[in-house]
Amino acid sequence: RSLPGPQKETFTSIAGHLRILSSTWTYAAIYRPIPEDNCSVQVNIRQAAASHYGPGFQPMLGLYWDKDTYVRILSGQDGVKTAADGAVGGKNGFRKEGELSGIQNWVKITLTPESILFDYSLDGFAWKRLHTQPRAGFEKAPAFVFVGHGAPGPNSLFQNESHQERYQFYSYYKDFFIGKE
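Everything quoted here is computed from the prediction, not taken from an experiment.

### Focus on the pattern of salt bridges
Then step 1. All chains considered together, the criterion is met by eight salt bridges.
Then step 2. For Lys128, the salt bridge is made with Glu99, and the minimal N-O distance between the two is 2.6 Å. Of this pair, Lys128 sits in strand E12 (residues 128–134) while Glu99 sits in strand E9 (residues 91–100), and the two are 29 residues apart along the sequence.
Then step 3. By relative accessible area, Glu99 is classed as partly exposed at 35%.
Then step 4. Note that Asp119 is salt-bridged to Arg129, the shortest N-O span being 2.6 Å. With Asp119 in strand E11 (residues 115–121) and Arg129 in strand E12, this residue pair connects regions lying 10 residues apart in the sequence.
Then step 5. Given the relative accessible area of 5%, Asp119 is considered buried.
Then step 6. Taking the relative accessible area as the measure of exposure, Arg129 reaches 47% and is therefore partly exposed.
Then step 7. Where salt bridges share partners, they join Arg72, Asp85, Arg95 and Glu97 into one cluster.

### Here we look at the side chain of Thr110
Then step 1. Here Thr110 lies in strand E10 (residues 104–111).
Then step 2. Overall, Thr110 belongs to the buried group, its relative accessible area being 9%.
Then step 3. For Thr110, the residues in contact, after removing those within four places along its chain, are Cys39, Ser40, Ser115, Ile116, Leu117 and Glu181.

### Remarks on the pairing of strand E5 (residues 40–47)
Then step 1. Extensive coverage of E5 is indicated by the burial of seven of its eight residues.
Then step 2. When E5 meets E10, the two strands line up antiparallel, connected through seven bridges. Each residue of the ladder has a partner; that of Val41, found in E10, is Ile109.

### Concerning the packing of aromatic side chains
Then step 1. Counted according to the given criterion, the structure contains four aromatic pairs.
Then step 2. Between Tyr64 and Phe144, the ring centres sit 6.4 Å apart and the planes meet at 50°, which makes this aromatic pair tilted. One end of the pair, Tyr64, is in strand E6 (residues 60–66); the other, Phe144, is in strand E13 (residues 144–149), with 80 residues separating them in the sequence. Assigned by exposure class, Tyr64 and Phe144 land together as buried.

### Some points on the confidence of the model for the protein chain
Then step 1. Looking at the protein chain, the pLDDT average stands at 81 and 79% of residues meet or exceed 70.
Then step 2. Ranking the elements of the protein chain by mean pLDDT puts strand E1 (residues 2–3) last, at 44, and E12 first, at 96.
Then step 3. Confidence over residues 1–7 falls short of pLDDT 50; this stretch has 28 contacts with residues more than four positions distant or in other chains.

Analysis parameters
- Residues numbered from 1 in each chain as written.
- Predicted model: local features only at pLDDT ≥ 70, side-chain atom pairs only at ≥ 80, totals over all residues.
- Heavy atoms only, no water.
- Salt bridge = Lys/Arg side-chain N within 4 Å of Asp/Glu carboxyl O.
- Helix = DSSP H or I, 4+ residues; strand = E, 2+ residues; numbered from the N terminus.
- Buried < 20%, exposed > 50% of the residue type's maximum accessible area, 1.4 Å probe, protein only.
- Contact = heavy atoms within 4.5 Å.
- Pairing = 2+ DSSP bridges.
- Phe/Tyr/Trp six-rings, centres within 6.5 Å; stacked < 30°, edge-to-face > 60°.
- pLDDT = per-residue confidence, 0-100.

Have a look at this one:
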């Protein structure tokens, strides 16, 4: 399922990649129910050179329990660091930043019974741990996994936006996996 921002052809497939067109502070994401708990999700994100996204709207992979409980790992470019953030019940938010993102970033979120692990890689082979978050507050299985652009706010599934369409950009997603490690 998808709920695009106002642009036409927001979601397309090109050369084996999901291409998402977005603009500054605009929601554009796809999501689906996640079939299991205690698993990992990962995707390769390639960001186009022109990236004029608003803070928190950079390309991401996320797990979503409800509008106030989520985790996500964000990838960026142009001096933006790979980051992990999340919240439980709208409170106790966390944010951890890693290194500057590359033109391609592999990002992964792993759910274990005790914690949530956030990892990233510039080559898909050598993974670096960005953050380990205790599982307290995230005990049940998430409702959805999603990729795209969006930010926390009053609306569900990150459908919070303030359109500034003059700064449009593409992000590309490939090799999306859900599975046990």
